[in-house]
Amino acid sequence: MIIFETSRLQVRSLSHTDIVDLLSIYQQKKNMRYIQSGRTDWTNTELKTKVERCNQGENGGLYGIFLIENQQLIGEVGLFDSFQDATHLEMGYILDHLHWQKGLGYELVKALMNHAFSKLKVKQLSARMYAENQGSIKLAEKLGMEEYQKGTTPEGREFRWFVATN
């Protein structure tokens, strides 16, 4: 099922065959260095279970990011009920490093925010990231998100939390 499209990207539900392609993205250290667990030892079964678990709620879910030109899977994007409030979701994405610095993150997150605010009627979106993830911080600022909090994780990593309100 197609969730939304941009001029270059299609965001849609992940099939079982897509999990294999997504797994190759998860197994690359460069792609996972800003992700909370940072794991690169994912198995097909673990990733399939994660996708199924994330897609159980009413709002949000975890979807594949595909290039429209060739239908290549280049990452994942999700809306998560991290706050147990259907009007406040957390967004996150993993984009294969081969597609960084091409404006795809901006295109993706702008469309994701529009989808959440207009289709899902979300009132607030949060994005949390490690402070060293300068690309995502600049993206959040460019999209007009406001910094909500700075802090340090229990593991000692600095983070930034941004919020957008509809």
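It should be noted that the structure appears before, not after, this text.
Residue indices follow the written sequence of each chain, beginning from 1 at its first position. Local features in this predicted model are restricted to residues whose pLDDT is 70 or higher, and side-chain atom pairs enter the listing and the counts only when it is 80 or higher, whereas totals over whole chains, interfaces and linings include all residues. Remark: hydrogens and water are excluded; side-chain values derive from all non-hydrogen atoms of the structure.

This paragraph deals with the sheet that holds strand 8 (residues 158–165). At least two bridges found by DSSP between two strands are what make those strands a pair. Runs of E in the DSSP output that reach at least two residues are strands. Runs of H or I that reach at least four are helices, and both are numbered from the N terminus. As summarised here, the arrangement of the 8 strands in space is 1-2-3-4-5-6-8-7, forming an open sheet in which the pairing is mixed. Whereas interior strands pair on both sides, the edge strands pair on one side only; in this sheet they are strand 1 (2–5) and strand 7 (146–152). Adjacent strand axes in the sheet meet at a mean angle of 25 degrees when their direction is disregarded. Bridge analysis of strand 4 (residues 73–85) against strand 5 (residues 88–95) gives 7 bridges, and the strand direction is antiparallel. Directly across from Phe80, in strand 5, lies its bridge partner Glu90. Each axis is a line fitted through C-alpha atoms, and for a helix only the stretch in contact is used; angles between axes span 0 to 180 degrees, taken between their N-to-C directions.

Right, let's talk about the environment of Lys121 for a bit. Structurally, the position occupied by Lys121 is in the loop between helix 4 (104–119) and strand 6 (124–130). For the pair Lys121 and Glu147, spaced 26 residues apart in sequence, the C-alpha to C-alpha distance is 22 Å. A polar contact is formed between the side chain of Lys121 and the backbone oxygen of Ser118, at a distance of 2.8 Å. What qualifies as a polar contact is a pair of N or O atoms within 3.5 Å, subject to a donor-acceptor requirement within protein and to the restriction that residues adjacent in sequence count only when both atoms come from side chains.

Our next topic: helix 5 (residues 134–142). In an α-helix, one turn spans 3.6 residues, which is why side chains three or four residues apart end up on the same side. With a 1.4 Å probe rolled over the protein chains alone, any residue whose accessible area is under 20% of its type maximum counts as buried; one over 50% counts as exposed, and the rest are partly exposed. Restricting attention to buried positions, one finds in helix 5 the residues Ser136, Ile137, Leu139 and Ala140. Down the axis of helix 5, the smallest arc covering the buried residues is 160 degrees, so these residues share one side. Exposed and oriented more than 90 degrees from the buried face of helix 5 are Lys138 and Lys142. We call two residues in contact when some of their heavy atoms are within 4.5 Å. Tucked into the core, helix 5 has its buried residues touching strand 5, helix 4, strand 6 and strand 8. By construction, the arc corresponds to the directions joining the helix axis to the C-beta atoms.

The next subject is the packing of aromatic side chains. Here the aromatic set is Phe, Tyr and Trp, taking the six-membered ring for Trp, and pairing holds for ring centres within 6.5 Å; pairs whose planes are under 30 degrees apart are stacked, those over 60 apart are edge-to-face, and all others are tilted. All told, the structure shown has 3 aromatic pairs when counted by the stated rule. Measuring from centroid to centroid gives 5.8 Å for Phe83 and Trp161, while their planes differ by 15 degrees, and the two rings are stacked. Here Phe83, found in strand 4, pairs with Trp161, found in strand 8; they are 78 residues apart in sequence, far enough to count as distant. Of the aromatic side chains, those joined through ring pairs into one cluster are Phe83, Tyr148 and Trp161. Here the basic side chain of Lys142 rests over the ring of Tyr106, its NZ or CZ set 4.5 Å away from the ring centre. Geometrically, a charge over a ring is one whose NZ (Lys) or CZ (Arg) sits within 6 Å of the ring centre while staying within 35 degrees of the ring normal.

Along the chain, His99 turns up in the loop between strand 5 and helix 4. Judged by relative accessible area, which is 9%, His99 ranks as buried. If sequence neighbours within four positions are ignored, His99 has contacts with Leu67, Gln72, Ile74 and Leu104.

It is worth spelling out the packing of helix 1 (residues 16–26) against helix 3 (residues 44–54) at this point. Helix 3 packs onto helix 1 with a crossing angle of 110 degrees between their chain directions and a minimal axis gap of 9 Å. Judged by the inter-axis angle, helix 1 sits roughly perpendicular to helix 3. In this structure, the crossing between helix 1 and helix 3 has a hand that is right-handed. Between helix 1 and helix 3, the contacting residues are His16, Ile19, Val20, Leu22, Leu23 and Tyr26 on the first element and Asn44, Leu47, Lys48, Lys50, Val51 and Glu52 on the second. Note on terminology: angles under 35 degrees are roughly parallel, angles over 145 are roughly antiparallel, angles of 65 to 115 are roughly perpendicular, and the others are oblique. Take the far helix as the reference: if the near one is turned anticlockwise from it by less than a right angle, the crossing is left-handed, and if turned clockwise, right-handed.

Once that is clear, we can look at the pairing of strand 3 (residues 61–67). Within strand 3, 7 of the 7 residues are buried, which leaves the element mostly enclosed by the surrounding structure. Bridge count between strand 3 and strand 4: 6 bridges; the pairing is antiparallel. Its bridge partner lying in strand 4, Leu62 is registered against Gly78. Count of turn residues in the strand 3/strand 4 antiparallel hairpin: 5 residues, of which Gln71 carries a positive phi of about 60 degrees.

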